[in-house]
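What follows is each chain in one-letter form.
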Amino acid sequence: MEKGLISVDRWTGHSQAYFLTHLHSDHTQGLSCSWAKGPIFCSRLTAKLFPFKFPGFNLSLLRLLAVGTWHSISLVSPSSASSSSTLQVMPIDAHHCPGAVMFLFRGEFGCLLYTGDFRWETTSKRAEIGRTMLLDALKDDVVDILYLDNTYCNPSYAFPSRAIVAQQVIDIIVSHPEHDIIIGIDSLGKEDLLLHISHELKIKIWVWPERLQTMHLLGFHDIFTTKTSLTGVRAVPRYSFSVETLEGLNTMHPTIGIMPSGLPWVVRPLENGDKLFGSLLTSRYNRSKWSGNGGNHTEKPNGNLGSVEKFHKYIFSVPYSDHSCFAEIEDFVKLVQPTNIKGIVSSSSCYVDPLYYFGRLCGAYQSAQSLPHNKRKERVERVLAVNNKTTFRCGASAGLERKRAMTVKVKSSGIHVSRMSALRRKKRGAKIEENDCPN
């Protein structure tokens, strides 16, 4: 079996170095506490969370990479044990969940950018820092292959920034002053939403014991609690969030559920012609009910609730997503201007090959436009057949074909770099099961 150079979010097979974008379970399938295949490169925050996710893991195998800094890694050439090559890698904030990063690779094989799961908002200071960091890192390099988070690579997915949706969540909560609030979240992610709720309403938020440990590891010590008597807002595991759960809770006390996700988590809207948020838009409420300091100021909802959906009389779905929407993906592709694109998600019901929408923005397509019609068609068809084999050009000798064609075998949930052939895997990057709604 050929031993590849590197693997990203892929834990089967054999490589010299392994890279982990973040700790969500769909990116760690095959990784276990007994891992011993080789070093794992990740961000400092991911390394900090690692022992909690994998108790007993040999932490000496972790290699911490500072975000925004180039790191050099020596690799042995698969063709000759006596020769070596240098891989350069820079982690860049992916704005997805704590510790999540993109990886920008440079080496003999060219230039690759692997986004992992990412949210490319353009409306925050943090996003501007990430944009500047990426552009400074790329300089004059051409990205040969962009491995792209294509979770919402479809024009039908258009949702607001997380800041806007976070305020919509506040409006839902304060319009139900006599209700308990249940918010469905994963074991990692959505921390900014919970912090915003806590700050705006001056309350603590209940989380389950394991989640509280994660919050403490992230440095949040005074905002979250496991005592239900201290708060009416509870963040619960998403797998426990259901219509049946909400109906059961309402037999004991008025309760509403909020599901933050880019995808509607259920398919049947509220029936009987009920108008969305009618009570919210017409009622008055006193935010002091939710205020921990006993304040008495009164505010009204801003009415900006067009993207909020009510699928059940107890449940609201809000488009708070840690993945990029279609417009943000398009902005990112325009910024990077890669030669080629491969999606990292293929098992989602909404999967679309990103080349379908963004192939026109890729260098391989653009260069074809200068050719005669018959040659142009031939080249475009060749690029569309990228899932069979890819040989590309780039790097220090830009415009000159490399003597050795680097290829990328893509399998399971990541990429596997070798120098022999390029194969597209059946399930790329992040695997989303039918019953696992992307967050």
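- Going by the annotation in an unreviewed UniProt entry, the name recorded for the chain is Protein artemis, with Lithocarpus litseifolius given as the source organism.
- In its Sequence similarities (unreviewed entry) section, the UniProt record describing the chain reads: "Belongs to the DNA repair metallo-beta-lactamase (DRMBL) family."
- Per UniProt, the chain carries the Subcellular location (unreviewed entry) text "Nucleus".

### Quick word on the overall build of the chain
No. 1: Looking only at helices and strands, the chain has eleven helices and 19 strands in total.
No. 2: As displayed, the chain offers around 19600 Å² of accessible surface, 51% of which is attributable to carbon and sulfur atoms.

### Notes on the sheet that holds strand β6 (residues 84-93)
No. 1: Reading across the sheet, the six strands line up as β5-β6-β7-β8-β9-β17 and stay open at both edges, with mixed pairing between neighbours. The open sheet has two edge strands with one neighbour each: β5 (71-76) and β17 (340-343). The sheet shows a mean angle of 20 degrees between the axes of neighbouring strands, taken without regard to direction.
No. 2: Examined bridge by bridge, strand β7 (residues 101-107) and strand β8 (residues 110-114) share five bridges and lie antiparallel to one another. Along β8, the bridge assignment pairs Leu104 with Leu113.
No. 3: Here helix α2 (residues 125-138) sits on the sheet in contact with β6, β7 and β8, set at roughly 160 degrees to β6.

### Examining the pattern of salt bridges
No. 1: Applying the stated rule across the entire model yields twelve salt bridges.
No. 2: The salt bridge partner of Asp192 is Arg126, with a shortest N-O separation of 4.0 Å. In this pair, Asp192 sits in helix α4 (residues 191-201) while Arg126 sits in helix α2, placing the two residues 66 residues apart along the sequence.
No. 3: Classification of Arg126 as partly exposed rests on a relative accessible area of 38%.

### What about the packing of aromatic side chains?
No. 1: Using the criterion set out here, one finds 21 aromatic pairs in the structure.
No. 2: With centroids separated by 5.1 Å and ring planes inclined at 35 degrees, the aromatic side chains of Phe50 and Phe54 adopt a geometry described as tilted. A single burial state applies to Phe50 and to Phe54, both of which are buried.
No. 3: Seen from the ring of Trp70, Arg106 lies directly overhead, with NZ or CZ sitting 3.9 Å from the centre.

### Some thoughts on the pairing of strand β16 (residues 315-318)
No. 1: Here β16 shows no split at all, with Ile315 and Ser317 on one side and Phe316 and Val318 on the other all buried.
No. 2: For strand β14 (residues 255-260) and β16, the ladder comprises four bridges, and the chain directions are parallel. Across the sheet, the residue bridging to Ile258 is Phe316, located in β16.
No. 3: Bridge count between strand β15 (residues 309-312) and β16: three bridges; the pairing is antiparallel. Bridge pairing in β16 places Lys310 opposite Phe316.
No. 4: In sequence, β15 turns back onto β16 through a hairpin of two residues.

### Topic: the pairing of strand β1 (residues 4-8)
No. 1: Burial within β1 is extensive, with five of its five residues counted as buried.
No. 2: Bridge analysis of β1 against strand β2 (residues 15-19) gives four bridges, and the strand direction is parallel. Considered in β2, the bridge of Ser7 is made with Tyr18.

### As for the packing of helix α1 (residues 44-53) against helix α5 (residues 209-217)
No. 1: Where α1 contacts α5, the two axes come as close as 10 Å, and the packing angle between them is 155 degrees. Comparing their axes, α5 and α1 come out roughly antiparallel. Crossing handedness for the pair α1 and α5: right-handed. Only Glu210, Gln213, Thr214 and Leu217 of α5 make contact with α1, whose side of the interface consists of Lys48, Leu49 and Phe52.
No. 2: Residues of the contact of α1 with α5, tallied by class, amount to three nonpolar, two polar and two charged.

### Overview of the side chain of His176
No. 1: Turning to its location among the elements, His176 is positioned in the loop between α3 (162-174) and β10 (180-185).
No. 2: Residue His176 is classed as buried on the basis of its relative accessible area of 9%.
No. 3: Among the polar contacts listed, one links the side chain of His176 to the side chain of Ser175, at a separation of 2.9 Å.

### Brief notes about α2
No. 1: Here α2 is 14 residues long and its end C-alpha atoms lie 20 Å apart, about the 20 Å a rise of 1.5 Å per residue gives.
No. 2: Residues of α2 that are buried include every one of Ala127, Gly130, Leu134, Ala137 and Leu138, and no others. Projected onto a plane normal to the axis of α2, the buried residues spread over an arc of 95 degrees and lie on a single side.
No. 3: Along its buried surface, α2 packs onto β6, β7, β8 and α8 (326-336).

### Quick notes on α8
No. 1: Buried residues dominate α8, accounting for eight of its eleven residues.
No. 2: Buried within α8 we find Phe326, Glu328, Ile329, Glu330, Phe332, Val333, Leu335 and Val336.
No. 3: Next to the buried residues of α8 lie β7, β8, α2, β9 (145-148), β17 and α9 (354-358).
No. 4: Looking at the residues trailing α8, positive phi occurs at Gln337, about 50 degrees.

What counts and how
- Residues numbered from 1 in each chain as written.
- Predicted model: local features only at pLDDT ≥ 70, side-chain atom pairs only at ≥ 80, totals over all residues.
- Heavy atoms only, no water.
- UniProt positions renumbered as here; feature names shortened; annotations may be inferred.
- Helix = DSSP H or I, 4+ residues; strand = E, 2+ residues; numbered from the N terminus.
- Areas by Shrake-Rupley, 256 points an atom, 1.4 Å probe, with all protein chains shown as cover.
- Pairing = 2+ DSSP bridges.
- Axes fitted to C-alpha atoms, helices over the stretch in contact; angles between N-to-C directions.
- Contact = heavy atoms within 4.5 Å.
- Salt bridge = Lys/Arg side-chain N within 4 Å of Asp/Glu carboxyl O.
- Buried < 20%, exposed > 50% of the residue type's maximum accessible area, 1.4 Å probe, protein only.
- Phe/Tyr/Trp six-rings, centres within 6.5 Å; stacked < 30°, edge-to-face > 60°.
- Lys NZ or Arg CZ within 6 Å of the ring centre and 35° of its normal.
- Parallel < 35°, antiparallel > 145°, perpendicular 65-115°, else oblique.
- Left-handed = near helix turned anticlockwise from the far one by under 90°.
- Nonpolar A, V, L, I, M, F, W, Y, C, P; charged D, E, K, R; others polar.
- Polar contact = N/O pair within 3.5 Å; in protein donor to acceptor, adjacent residues only side chain to side chain.
- Expected span 1.5 Å × (residues − 1).
- Arc of directions from axis to C-beta.

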